Amino acid sequence: MSLPTSPAAGQAALHPQPAATEPRAGLPRAVLITYLALLGLALVAPAIGLYPVFMMKLLCFALFACAFNLLLGFTGLLSFGHAAFFGFSAYVTGWLVKAHNWTPELGLLAGLVVAALLGLVFGFVAIRRQGIYFAMITLALSQMVFFLCLQAPFTGGEDGLQGVMRGKLFGVLSLVDDRVMYYVVLAIFVACFVGILRIVTSPFGQVLKMIRENEARAVSLGYNVDRYKLLAFVLSASLAGLAGSLKTLVMKFATLTDVHWTMSGEVILMSLLGGVGTFLGPVLGAGIVISLQNMLADKVGEWVTVIIGVIFVLCVLAFRKGIVGELLAWLDRRRTRA
Amino acid sequence: MEIFGIPHQAFLGQLMLGLVNGAFYAMLSLGLAVIFGLLDIVNFAHGALYMVGAFAAWIMMDSWGINYWFALVLAPLIVGVLGVIIERGLLKRLYGLDPLYGLLLTFGVSLILEGIFRKQYGVSGQSYSVPELLSGATNLGFMILPNYRAWVVVASIAVCLATWFIIERTRLGAYLRAGTENAKLVQAFGVNVPVMVTLTFAAGAALAGLAGVLAAPVIQVTPLMGSNLIIVVFAVVVIGGMGSILGSVVTGLGLGVVEGFTRVFYPEASNIVVFVIMAIVLVLRPAGLFGKET
């Protein structure tokens, strides 16, 4: 039960084809140029007047969406509970940094580890079922985490965790300046993005894709499918947790919104809108959703939910490959015609 | 008198409240089970439809002066029509695709419905008083039972039984079940399957609407009332075994009661006890209590 339903839809995924035959061949040149151009743009973003806090928020959610996409796009598992990892790690990091004076790097590490452990528990329970069952189980488990966060003493309940200090990275680099923080966030994002790229193009990633395309075949070839799925789930959860931790440091707070199940829905929308199973899709999707929310919040107020809902419906009805997916499919068609 | 060291009034009161909640879980998961079992759609918008039912009833009674009994019939009808629109206009285009797309689409629909009502009515709760006939309470000797709560439990059990009867024991139900097995064959016998599918979805939606009307006097009517409930109902459905009608009714009522017990003994855990049970059941019996192993 993978989300790209036809083989054609699966192939719309970005460029894993050459990598499949030559794992060490690296990225096609056009893709590499696109990535480098985007990286260049991200590096000069503060200089050309883009508000660093907005850019950081965007990167945090882009990382979250990439982590989610690692699971849905490349393993074919739709988790509806990723807010649990994002939000819980956001709280853990915020609490350790605020109440126990942990340094930011240790706070982030703790968020990552906690999310990995939580992912192990979720994964262990959820991978017993597939498809919609998997989605519903992850959703229910994440709701459990939501209630824990609502009632646990360290989270500040309805008020959330406010006034988290960013502190000094490795004891030297003060993160109080938004620009310094921005480059730290960018560095972490790029590292994770490259990491995901590496995971997906590795032999391990190929097995994941085989599970997505044809689980029965993977089983018959002797792969321990459950263990691969669990590992993919834990990896995805850890990165989602890191995104949440990073968000806490950037915004200086963690609230129930981060851990509420609508956040799980939002990250699905980001991936779906940009293009499930593509590398840049989730980044673009996150960019669009976050920008929309930022721009619309003061203009249309309550209508934001309705607009997000309409985009959701349109994505599912009209362009299931997402923006990047449709673009790649179009390029593909043009190449084969030429 | 004390039961397990708890004053029996508190104990029975929570038990009764649990039973009322269980009645709502049962009715909502029943609607989900009907739609899933026959159409293979997980209707994420079910909670939103429940909310629309409650609002429809509240608007009718509060603004239009329509009495409770008419609202009890009209509101589910309205929600049923909304169901027809959703099925004909949107879901129809997804048949044959992975069921996950249906889940995502209905999630979008629930956001739209919730957003519209939030824009219109804000997030504060509305409520209306129960009709004359059902107000007051009966002293059962060991506890005071509000009549309306008794009515909710009785009505929901009756609705559940009727649904079970229609699907398992009537000709219409036989067509429905056959239609899900082999739509083409049933169509060849002269049954209009697409209309049947639409009506099934509408019926499932109407069940959610009815639960909304029944719930409105007990709880606060807010745009968010469905979105938090739907996840508990999903857990109920997973525990009961997806698509099993018996499973959804028994598990719904049972889990309501378990939740009530938990509220007596360890209130902090009452919100999560359903999910804990879900995890345990899944580890031991992945298909759910009443589900068939696939």
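Chemist: Account for the overall build of chain B, naming residues and giving values.
Modeler: Looking only at helices and strands, one finds eleven helices and four strands in chain B. Computed over the C-alpha atoms, the radius of gyration of chain B is 19 Å, within 12% of the 19 Å expected from 2.2 N^0.38 for a compact globule of 294 residues. Within the span of chain B, comprising 294 residues, buried residues form 56% of the whole. In chain B, once contacts between residues fewer than 6 apart in sequence are set aside, the share between residues at least 24 apart is 76%. Taken as a whole, chain B presents about 12,200 Å² of accessible surface, with 66% of it coming from carbon and sulfur.

Chemist: So what about the overall build of chain A? Which residues, and what values?
Modeler: Broken down by element type, chain A carries 16 helices and two strands. Here the C-alpha atoms of chain A give a radius of gyration of 19 Å, agreeing with the 20 Å that 2.2 N^0.38 yields for 338 residues. Principal-axis analysis of the C-alpha atoms gives chain A an extent of 55 × 45 × 40 Å. A burial count over chain A gives 57% of its 338 residues as buried. Taking the intrachain contacts of chain A between residues at least 6 apart in sequence as the baseline, contacts between residues at least 24 apart amount to 76%.

Chemist: Tell me about the side chain of Asn43(B), residues and numbers included.
Modeler: Residues and elements named next belong to chain B. Tracing the backbone shows Asn43 in the loop between helix H1 (8-39) and helix H2 (46-63). Residue class for Asn43 comes out buried when judged on its relative accessible area of 0%. Separated by 3.1 Å, the side chain of Asn43 and the backbone nitrogen of Ala45 make a polar contact. In this structure Asn43 touches Leu32, Ile35, Leu49, Thr106, Phe201 and Ile230, once residues within four positions along its chain are discounted.

Chemist: Can you explain the packing of helix H5 (residues 82-99) of chain A against helix H13 (residues 261-274) of chain A? Please cite residues and give values.
Modeler: When two helices pack together, their arrangement is given by the angle between their axes and by how far apart the axes lie. Residue and element names in this part refer to chain A. The contact between H5 and H13 brings their axes to 7 Å, and the two run at 115°. Relative to H13, H5 is oriented roughly perpendicular. When you trace H5 past H13, the crossing you get is right-handed. Residues His82, Ala83 and Phe86 of H5 touch H13, and the partners they reach there are Met263, Ser264 and Val267.

Chemist: Tell me about the confidence of the model for chain B, and name the residues and values.
Modeler: All names here are of chain B. Looking at chain B, pLDDT values average 86 and 97% of them are 70 or higher. Taken element by element, the predicted model of chain B shows its lowest mean pLDDT in strand S1 (residues 2-3) (64) and its highest in helix H3 (residues 68-89) (92). Taken together, the chains of this predicted complex give a pTM of 0.88 and an interface ipTM of 0.86.

Chemist: Describe unusual backbone geometry, listing the residues and the values that go with them.
Modeler: Backbone geometry at Lys252(A) places phi at a positive 70°, although glycine is not the residue there. Here Lys252(A) lies in the loop between helix H11 (225-251) and helix H12 (256-259). Its identity is not glycine, yet Asp40(B) carries a phi of approximately 65°, on the positive side. On the secondary structure map, Asp40(B) appears in the loop between H1 and H2. With relative accessibility at 43%, the residue Asp40(B) sits in the partly exposed group.

Chemist: Run through helix H6 (residues 104-126) of chain A, naming residues and quoting values.
Modeler: Count 3.6 residues to each turn of an α-helix, and residues three or four apart come out pointing the same way. End to end, H6(A) covers 32 Å across 23 residues, agreeing with the expected 33 Å (1.5 Å per residue, within 8%). All buried positions along H6(A) are accounted for by Pro104(A), Gly107(A), Leu108(A), Ala110(A), Gly111(A), Ala115(A), Leu118(A), Gly119(A), Phe122(A), Gly123(A), Val125(A) and Ala126(A). Elements in contact with the buried residues of H6(A): H5, helix H7 (131-151), strand S1 (168-169), helix H8 (178-201) and H11 of chain A together with helix H11 (273-284) of chain B.

Chemist: So what's going on with the packing of aromatic side chains? Which residues, and what values?
Modeler: Scanning all chains against the criterion turns up 30 aromatic pairs over all chains. Pairing Phe204(A) with Tyr228(A) gives two aromatic rings, centres 5.6 Å apart and planes at 20°, and the pair type is stacked. A residue pair is termed long-range when its members are at least 10 positions apart, and Phe204(A) in helix H9 (residues 203-213) and Tyr228(A) in helix H11 qualify at 24 residues. Taken together, a centroid distance of 6.0 Å and an interplanar angle of 75° make the contact between Tyr68(B) and Tyr148(B) edge-to-face. A residue pair is termed long-range when its members are at least 10 positions apart, and Tyr68(B) in helix H3 and Tyr148(B) in helix H5 (residues 147-169) qualify at 80 residues. The side chain of Arg128(A) reaches across the aromatic face of Phe124(A), ending 4.9 Å from its centre. Sitting above the plane of the Tyr133(A) ring, Arg129(A) keeps its charged end 4.0 Å from the centroid.

Chemist: Tell me about the interface of chain B and chain A, and please be specific about residues and values.
Modeler: The partner chain A presents 42 residues to the 43 residues of chain B that form the contact. Approximately 4,300 Å² of surface area, both sides summed, lies buried where chain B meets chain A, with 80% of it carried by carbon and sulfur atoms. Taken together, chain B and chain A are joined by zero salt bridges. Of all elements in the fold, only helix H4 (99-121), helix H9 (225-240) and H11 of chain B reach the threshold of two or more residues within the side of chain B that touches chain A. Looking at the side of chain B that touches chain A, the element that brings in the most residues is H4(B), giving 15 residues. Class assignment of the residues belonging to the side of chain B that touches chain A gives a composition of 32 nonpolar, six polar and five charged.

Chemist: Report on the pattern of salt bridges, specifying residues and quantitative values.
Modeler: Summed over the entire model, instances satisfying the criterion amount to seven salt bridges over all chains. Where Arg335(A) meets Asp332(A), a salt bridge forms, and the shortest distance between an N and an O atom there is 2.8 Å. Residue Arg335(A) and its partner Asp332(A) are located together in helix H16 (residues 322-337), separated by three residues, close to a single helical turn. The salt bridge partner of Glu259(B) is Arg263(B), with a shortest N-O separation of 3.7 Å. Of the two residues, Glu259(B) and Arg263(B) both sit in helix H10 (residues 245-265), four residues apart, roughly one turn of that helix. Look at Glu259(B) and you get buried, because its relative accessible area is 6%.

Chemist: How would you explain a nonpolar patch on the surface if you had to name every residue and give the values?
Modeler: Residue and element names in this part refer to chain A. Taken together, the side chains of Leu32, Leu36, Leu38, Leu39, Leu41, Leu43, Val44, Ile48, Leu50 and Tyr183 present a nonpolar region at the surface, about 850 Å² in accessible area. At seven residues, the largest contribution of residues to the nonpolar patch is made by helix H3 (residues 29-44). Mapped onto the fold, Leu36 is located in helix H3.

Chemist: Please set out the confidence of the model for chain A residue by residue, giving values where relevant.
Modeler: With 92% of its residues at a pLDDT of 70 or more, chain A has an overall mean of 86. This stretch, residues 1-24 of chain A, has a pLDDT under 50; its non-local contacts, to residues over four places away or in other chains, come to 44 contacts.

Chemist: Go over the environment of Gly252(B) with me, naming the residues and quoting the values.
Modeler: Residue and element names in this part refer to chain B. Positionally, Gly252 belongs in helix H10. What makes Gly252 buried here is its relative accessible area of 0%. Each C-alpha atom of the pair Gly252 and Leu15 lies 14 Å from the other, and the pair is 237 residues apart in sequence. If we skip the residues at most four places from it in the chain, Gly252 touches Gly22, Tyr25, Ala26, Val236 and Gly247.

Conventions used here
- Position numbers for residues count from 1 along each chain, tracking the sequence in the order it is written.
- Written order decides the labels, with chains lettered from A and ligands numbered from 1.
- Totals for whole chains, interfaces and linings use every residue, but because this is a predicted model, local features are given only for residues with pLDDT of at least 70 and side-chain atom pairs only at 80 or more, for both listing and counting.
- For side-chain calculations, the full set of non-hydrogen atoms in the structure is used, while hydrogens and water are omitted.
- Strands here are runs of E lasting at least two residues and helices are runs of H or I lasting at least four, both read from the DSSP assignment and numbered beginning at the N terminus.
- The globule rule used here is 2.2 Å times the number of residues to the 0.38 power, and the radius of gyration it is set against is calculated over C-alpha atoms.
- The buried label goes to any residue with under 20% of its type's maximum accessible area, the exposed label to any with over 50%, and the partly exposed label to all in between, with areas taken from a 1.4 Å probe on protein chains only.
- Between two residues, a contact is recorded if the distance between any of their heavy atoms is within 4.5 Å.
- For the accessible areas, the method is Shrake-Rupley and the probe is 1.4 Å, while residue cover comes only from the protein chains on display.
- Here a polar contact is taken to be a pair of N or O atoms separated by no more than 3.5 Å, where protein atoms must pair a possible hydrogen donor with a possible acceptor and residues adjacent in sequence count only if both atoms sit in side chains.
- Every axis corresponds to a line fitted to the C-alpha atoms, with the helix fit spanning only the stretch in contact, and the corresponding angles, defined between N-to-C directions, vary from 0 to 180 degrees.
- Orientation is classified from the angle alone, with under 35 degrees giving roughly parallel, over 145 giving roughly antiparallel, 65 to 115 giving roughly perpendicular, and any other angle giving oblique.
- For any helix crossing, the convention is left-handed if the near helix is rotated counterclockwise from the far helix by under a right angle, and right-handed if that rotation is clockwise.
- For every residue, the pLDDT score states the predictor's confidence, bounded by 0 at the bottom and 100 at the top.
- By this rule the span expected of a helix is its residue count minus one, scaled by 1.5 Å.
- Classification of ring pairs uses Phe, Tyr and Trp, with its six-membered ring standing for Trp, and accepts pairs whose centres are within 6.5 Å; under 30 degrees between planes counts as stacked, over 60 as edge-to-face, and the remaining range as tilted.
- Comment: the charge-over-ring label is applied if NZ (Lys) or CZ (Arg) is within 6 Å of the ring centre and within 35 degrees of the ring normal.
- Buried area: the sum, over both parts, of the accessible surface (1.4 Å probe) that disappears when the two are put together.
- Any Lys or Arg side-chain nitrogen located within 4 Å of an Asp or Glu carboxyl oxygen qualifies as a salt bridge.
- Gly is placed with the polar residues, together with every amino acid not listed as nonpolar (Ala, Val, Leu, Ile, Met, Phe, Trp, Tyr, Cys and Pro) or charged (Asp, Glu, Lys and Arg).
- Patch membership needs two things, relative accessible area over 30% and no salt bridge, and members are linked within 9 Å if like-charged or within 5 Å if nonpolar (Val, Leu, Ile, Met, Phe, Trp, Tyr).

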